[in-house]
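Descriptive structure summary
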Amino acid sequence: EPEVTQTPSHQVTQMGQEVILRCVPISNHLYFYWYRQILGQKVEFLVSFYNNEISEKSEIFDDQFSVERPDGSNFTLKIRSTKLEDSAMYFCASSEGIGATNEKLFFGSGTQLSVL
Amino acid sequence: AQSVTQPDIHITVSEGASLELRCNYSYGATPYLFWYVQSPGQGLQLLLKYFSGDTLVQGIKGFEAEFKRSQSSFNLRKPSVHWSDAAEYFCAVAPRGNQGGKLIFGQGTELSVKP
């Protein structure tokens, strides 16, 4: 089965530093997503992205966050100035068609971000 | 407020025993319903989903789930658990008509399987 690939699996950064989390969605997919899970809490939706635009974003996804599809294969999440509370597992996902309701979302195995 | 509740944080069952993982949702209208599984070091994998029609839904790996509107529940079941089923299980919902890909997840239930 095709896979969504996330790198690195674990990233450690200092508070206030910028961090970029990378994802390679499945090649023929058009819709991309970021979710996160803070330890002991629920998996939370951050943002969805289609046609080089944000389709939907949550309240968590403030000005400190941005997403980009810099080339034909990567999908990145940037946190400009990390805070301690940004420490979480970040999941990238992609789907062939529109939305989670009509299409199967494929999730990556996650990047564990630790902010010190 | 929209929410998904998985009341059991951790469940242990013996291999070969039956399994039921509970999920309740709170929504204005019946949402789309999903169960995902996460094995250690792996991403979230879709087990099954309910959109409409037959309220008993069959999924992969021998899992099934039953939608009960009167109870706002979507419990996951498996008649005979295998050791490889040990993982974390997430119930999730999406509002009908949602086109943005936003899933709302429950807290997760960690399943341990005893030999």
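Now for a description of the structure that goes with this document. (Residues numbered from 1 in each chain as written. Chains lettered and ligands numbered in written order. Predicted model: local features only at pLDDT ≥ 70, side-chain atom pairs only at ≥ 80, totals over all residues. Heavy atoms only, no water.)

A few words now on the overall build of chain A. When its secondary structure is counted, chain A shows one helix and 11 strands. Going from the N terminus to the C terminus, chain A shows its helices and strands as β-β-β-β-β-β-β-β-β-α-β-β. The C-alpha atoms of chain A give a radius of gyration of 13 Å, which matches the 13 Å a tight globule of 116 residues would have. For chain A, the spread of C-alpha atoms along the three principal axes comes to 35 × 30 × 25 Å. Within chain A, buried positions represent 47% of all 116 residues. Here chain A holds 9 positive side-chain charges and 15 negative ones, and the gap between their average locations is 3 Å. (Helix = DSSP H or I, 4+ residues; strand = E, 2+ residues; numbered from the N terminus. Rg over C-alpha atoms; globule rule 2.2 N^0.38 Å. Buried < 20%, exposed > 50% of the residue type's maximum accessible area, 1.4 Å probe, protein only. Lys, Arg positive; Asp, Glu negative; His and termini not counted. Charge placed at Lys NZ, Arg CZ, Asp CG, Glu CD.)

As a further point, take the nonpolar core. By size, the foremost hydrophobic cluster in this structure holds 28 residues, and its most contacted members are Leu19(B), Trp35(B), Leu47(B), Leu48(B), Phe74(B), Leu76(B) and Tyr89(B). Elements with a contribution of two residues or more to this core: β2 (10-14), β3 (19-21), β5 (32-38), β6 (44-50), β8 (64-68), β9 (73-78), β10 (87-94) and β12 (109-114) of chain B. Ranked by the residues each element gives to this core, the list is headed by β10(B), at four residues. Each residue touching Tyr89(B), except ones within four places of it in the same chain, is listed here: Gln6(B), Leu21(B), Trp35(B), Tyr36(B), Val37(B), Leu47(B), Phe63(B), Leu76(B), Gly108(B), Thr109(B) and Leu111(B). In this structure, Leu46(A), Val47(A), Phe49(A) and Phe106(A) belong to the second largest nonpolar core, which totals 23 residues. (Core = buried A, V, L, I, M, F, W, Y, C linked by side-chain atoms within 4.5 Å. Contact = heavy atoms within 4.5 Å.)

Counting from both sides, the interface comprises 25 residues of chain B and, opposite them, 22 residues of chain A. Summed over the shared surface of chain B and chain A, the number is zero salt bridges. Elements with a contribution of two residues or more to the side of chain B that touches chain A: β5, β6 and β10 of chain B. Taken together, the residues of the side of chain B that touches chain A break down into 12 nonpolar, 11 polar and two charged. (Salt bridge = Lys/Arg side-chain N within 4 Å of Asp/Glu carboxyl O. Nonpolar A, V, L, I, M, F, W, Y, C, P; charged D, E, K, R; others polar.)

What follows is about the sheet that holds strand β7 (residues 65-68) of chain A. Residues and elements named next belong to chain A. Strand order across the open sheet formed by four strands is β1-β3-β8-β7, with antiparallel pairing between neighbours. What marks the edges here is a single partner per strand, and that holds for β1 (5-7) and β7. Averaged over all pairs of adjacent strands, the angle between their axes in this sheet comes to 20°, without regard to strand direction. Relative to strand β3 (residues 19-24), β1 runs antiparallel, the two being bridged by three bridges. For Gln 6, the partnering residue across the bridge sits in β3 and is Cys 23. (Pairing = 2+ DSSP bridges. Axes fitted to C-alpha atoms, helices over the stretch in contact; angles between N-to-C directions.)

It is worth spelling out the pattern of salt bridges at this point. Inspection of every chain in the model, using the stated rule, returns six salt bridges over all chains. Arg22(B) is the salt-bridge partner of Asp8(B), the closest N and O atoms lying 2.9 Å from each other. With a gap of 14 residues between them, Asp8(B) in the loop between β1 (3-5) and β2 and Arg22(B) in the loop between β3 and β4 (24-26) connect regions that are remote in the sequence. The partly exposed category is assigned to Arg22(B), whose relative accessible area is 39%. Put simply, Glu66(B) and Arg77(B) hold a salt bridge, and the shortest N to O gap is 3.1 Å. Residue Glu66(B) is found in strand β8, and its partner Arg77(B) is found in strand β9; the two are separated by 11 residues along the sequence. Within this structure, Arg36(A), Glu44(A) and Asp86(A) form a network of salt bridges that share partners.

Quick look at the packing of aromatic side chains now. Each aromatic ring pair is described using two quantities: the centre-to-centre distance and the angle formed by the ring planes. Going through the model one piece at a time under the given rule, you end up with 19 aromatic pairs over all chains. Seen from their ring centres, Phe32(A) and Phe75(A) are 5.4 Å apart, and the 35° between their planes marks the pair as tilted. Placement of Phe32(A) in strand β4 (residues 31-37) and of Phe75(A) in strand β8 (residues 75-79) is noted, with a sequence separation of 43 residues between them. The class for Phe75(A) is buried, based on a relative accessible area of 0%. Residues Tyr35(A) and Phe105(B) carry aromatic rings whose centres are separated by 5.7 Å and whose planes lie at 90° to one another, so their mutual orientation is edge-to-face. Taken as a pair, Tyr35(A) in strand β4 and Phe105(B) in strand β11 (residues 104-105) lie in two separate chains rather than in one. Across the pair, exposure class does not vary: Tyr35(A) and Phe105(B) are buried alike. Grouping aromatic residues by their ring pairs yields a cluster made of Tyr35(A), Phe45(A), Phe107(A), Tyr32(B), Phe34(B), Tyr36(B), Phe51(B), Phe90(B) and Phe105(B). (Phe/Tyr/Trp six-rings, centres within 6.5 Å; stacked < 30°, edge-to-face > 60°.)

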